[in-house]
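# Close look at the chain arrangement
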Amino acid sequence: MPEKRPLTRIQKAKRQTILEAALDVFSAEGFRGATLDRIAAEAGLSKPNLLYYYPSKEAVFQELLSGLLETWLDPLAAMDPSGEPLEEIMAYVRRKLEMARDYPRESRLFANEILRGAPNIQGILETDLKSLVDEKSGCIRDWIAAGKIAEVDAVHLIFSIWSLTQHYSDFDVQVRAVLGHDDPYPGAAAHLEVLFKRLLTPA
């Protein structure tokens, strides 16, 4: 079987254009609502041109998700067991909130995949994600046992951080409607700082 030729610079740029367009479409329409015609139009390409690079809607979606997952795991992976516990957890909260602010389309893409039952990433959720959560929740339990932070359920603490940060991207329209379309992130950062410090500071 002949080796695949490496992509040229122009081909790499075209693929990136398609992925950017697909991210817009998938995050707005969900997987079922998205079509190759819509993605091609968004990318400024013909549908046959798009199909030269990706054979199906599923192939485009899978590549987007694969690129997203590593980015999504990085903030938790950066939690340092040798660091100051409260500051490590608060730094994680800040990183997750920054991701909600800076990557809203990616957050909604991930949320849509989960709502569909995670057909493309179930295996990764049960392996890479679970292993990372097991590792970092174990670290949090060690900090609790050492009296460095207040007693909480370590796994549910991580779930709470996900919920209270990703809400600002996944429900952006609702948040901005209630706030009168003001930027929610400065207030969210201040609120979450107070909330988690009060929760985690030992009595």
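Throughout what follows, the structure given in this document is the object of discussion. (Residues numbered from 1 in each chain as written. Predicted model: local features only at pLDDT ≥ 70, side-chain atom pairs only at ≥ 80, totals over all residues. Heavy atoms only, no water.)

### A closer look at helix H4 (residues 57–77)
Here H4 is 21 residues long and its end C-alpha atoms lie 31 Å apart, about the 30 Å a rise of 1.5 Å per residue gives. Residues of H4 that are buried in the fold lie against helix H1 (9–33), helix H2 (36–43), helix H5 (85–102), helix H6 (104–115), helix H7 (122–145) and helix H8 (154–170). (Helix = DSSP H or I, 4+ residues; strand = E, 2+ residues; numbered from the N terminus. Expected span 1.5 Å × (residues − 1). Contact = heavy atoms within 4.5 Å.)

### Details of the environment of Leu64
On the secondary structure map, Leu64 appears in helix H4. Taking the relative accessible area as the measure of exposure, Leu64 reaches 11% and is therefore buried. In this structure, the C-alpha to C-alpha distance between Leu64 and Lys136, residues 72 residues apart in sequence, is 26 Å. Filtering out sequence-adjacent residues up to four positions away, Leu64 remains in contact with Leu19, Ala22, Leu23, Phe26 and Leu109. (Buried < 20%, exposed > 50% of the residue type's maximum accessible area, 1.4 Å probe, protein only.)

### A look at the environment of Ala190
Topologically, Ala190 is positioned in helix H10 (residues 185–200). Look at Ala190 and you get partly exposed, because its relative accessible area is 46%. Along the chain, Ala190 and Asp80 lie 110 residues apart, while their C-alpha atoms are 23 Å from each other.

### Regarding the environment of Asp128
Counting through the fold element by element, Asp128 comes out in helix H7. Residue Asp128 is classed as partly exposed on the basis of its relative accessible area of 45%. Between the C-alpha atoms of Asp128 and Arg105, which are 23 residues apart in sequence, the distance is 22 Å.

### Here's the deal with the side chain of Arg15
On the secondary structure map, Arg15 appears in helix H1. A polar atom in the side chain of Arg15 sits 3.5 Å from the side chain of Tyr54. (Polar contact = N/O pair within 3.5 Å; in protein donor to acceptor, adjacent residues only side chain to side chain.)

### Quick notes on the pattern of salt bridges
For side chains bearing opposite charge, pairing can occur when the charged atoms are close. Throughout the structure, instances matching the rule amount to 13 salt bridges. For the salt bridge of Arg101 with Asp102, the shortest nitrogen-to-oxygen distance reads 2.8 Å. A single salt-bridge network, built from bridges that share partners, covers Glu87, Arg94, Glu193 and Lys197. (Salt bridge = Lys/Arg side-chain N within 4 Å of Asp/Glu carboxyl O.)

### Focus on H1
One turn of an α-helix holds 3.6 residues; hence residues three or four places apart share an orientation. Taking 1.5 Å per residue, 25 residues should reach 36 Å; H1 reaches only 31 Å between its end C-alpha atoms and comes up short. The largest bend along H1 reaches roughly 80° and is located at Ser27. Those residues of H1 lying buried are Gln11, Arg15, Ile18, Leu19, Ala21, Ala22, Leu23, Val25, Phe26, Ser27, Gly30 and Phe31. At its buried positions, H1 is contacted by H2, helix H3 (47–53), H4 and H6. (Bend = angle between axes of the 7 residues up to and from the residue.)

### Remarks on the packing of H4 against H7
One can describe the packing of H4 onto H7 by two numbers: an axis separation of 10 Å at closest approach and a directional angle of 10°. Comparing the axis directions of H4 and H7 gives the class roughly parallel. The hand of the H4/H7 crossing is right-handed. Facing H4, whose interface residues are Leu69, Leu73, Leu76 and Ala77, H7 presents Ile124, Asp128, Leu129, Leu132, Val133 and Lys136. Of the residues that constitute the contact of H4 with H7, the class distribution is eight nonpolar, no polar and two charged. (Axes fitted to C-alpha atoms, helices over the stretch in contact; angles between N-to-C directions. Parallel < 35°, antiparallel > 145°, perpendicular 65-115°, else oblique. Left-handed = near helix turned anticlockwise from the far one by under 90°. Nonpolar A, V, L, I, M, F, W, Y, C, P; charged D, E, K, R; others polar.)

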